[in-house]
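One letter stands for each residue in the lines below.
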Amino acid sequence: AFNSVNTEGTAHLAQAAAKAGIRRFVYLSTVKVMGEHSDAPYRETDTPRPDGPYGASKLAGERALAIAAADTGLETVILRPPLVYGPGAKSNFLTLLKICHAAPPLPFSAVQNRRSIIYLGNLVDAICLCLTADKAAGEIYFVRDKDDLSTPGLIRHVAAALSRPARLFPAPVGLIRLAGAITGKSAAISILLSDLQIDKEKIHGQLGWTPPFNVVQGLKETAAWFSP
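Residues numbered from 1 in each chain as written. Predicted model: local features only at pLDDT ≥ 70, side-chain atom pairs only at ≥ 80, totals over all residues. Heavy atoms only, no water.

Trainee: How would you explain helix H9 (residues 215–225) if you had to name every residue and give the values?
Mentor: Among all positions of H9, only Val 215, Gly 218, Leu 219, Thr 222 and Ala 223 are buried. Viewed along the axis of H9, the buried residues span an arc of 135 degrees, placing them on a single side of the element. Along H9, exposed side chains directed more than 90 degrees from the buried face belong to Val 216, Lys 220 and Ala 224. (Buried < 20%, exposed > 50% of the residue type's maximum accessible area, 1.4 Å probe, protein only. Helix = DSSP H or I, 4+ residues; strand = E, 2+ residues; numbered from the N terminus. Arc of directions from axis to C-beta.)

Put into structure tokens, the structure is as follows:
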């Protein structure tokens, strides 16, 4: 299913766009083409190593788009965002909103990871720039908010946006991982504990792009949309 949409669907859409006379195609890929965690912030020059069918299908979509561009002359720009939050958030971020609204005690205050995220408004702003900037044609960019956050930092920001308390307490990371293994939630726990950072310097250096919204503004809009 991932390949049908993310790979074959991308190739078909690119061919149709070129046939319709569209000059530029901006493809939303994902940081997951690089993997699920990082020891240092990923750069566009790093070799992709997707870990899972979703990331692999998006990387294949990037390559299918390159072939379509070579065949048709279509200008392409590839954006690789991390987790996207904002009004309409789904999946993991929607779950986080629900948890923070319920405000249970959470054992993450000692976690010192760093993860890149991006507010929907910032992503849209980057897309608009990449549609028109001459220097963007043929490029791949990572895009993210100005600041990376730790898991406890993100929880505190989300709780504050929802006007709820953040009840965090410390627990050994090994014990948290063990609890995840026992409950069958190892993958979800790994996301909460690991680093996944991307470098933002290429799009800033080439296109002058900086995110117009900070995390407080983005979460304020997200909280206004959210209804538990």
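Resuming the write-up.
Trainee: I'd like a rundown of the pattern of salt bridges, residues and numbers included.
Mentor: One pass over the structure, following the stated rule, counts eight salt bridges. Across the salt bridge formed by Arg 80 and Glu 62, the nearest N and O atoms sit 2.8 Å from each other. Taken together, the residues span a long stretch of sequence, with Arg 80 in strand E2 (residues 75–80) and Glu 62 in helix H2 (residues 53–72) at a distance of 18 residues. Grouping residues by exposure puts Arg 80 and Glu 62 together as buried. For Lys 202, the salt bridge goes to Glu 139, with nearest N and O atoms at 2.8 Å. Note that Lys 202 is positioned in helix H8 (residues 201–207) and Glu 139 in the loop between helix H4 (120–132) and strand E5 (140–142), a separation of 63 residues in sequence. Judged by relative accessible area, Lys 202 falls into the partly exposed class, the value being 22%. By relative accessible area, Glu 139 is classed as partly exposed at 22%. Counted as one network, the salt bridges with shared partners bring together Arg 23, Arg 24 and Glu 75. (Salt bridge = Lys/Arg side-chain N within 4 Å of Asp/Glu carboxyl O.)

Treat this as a map of the structure, not an account of what it does.
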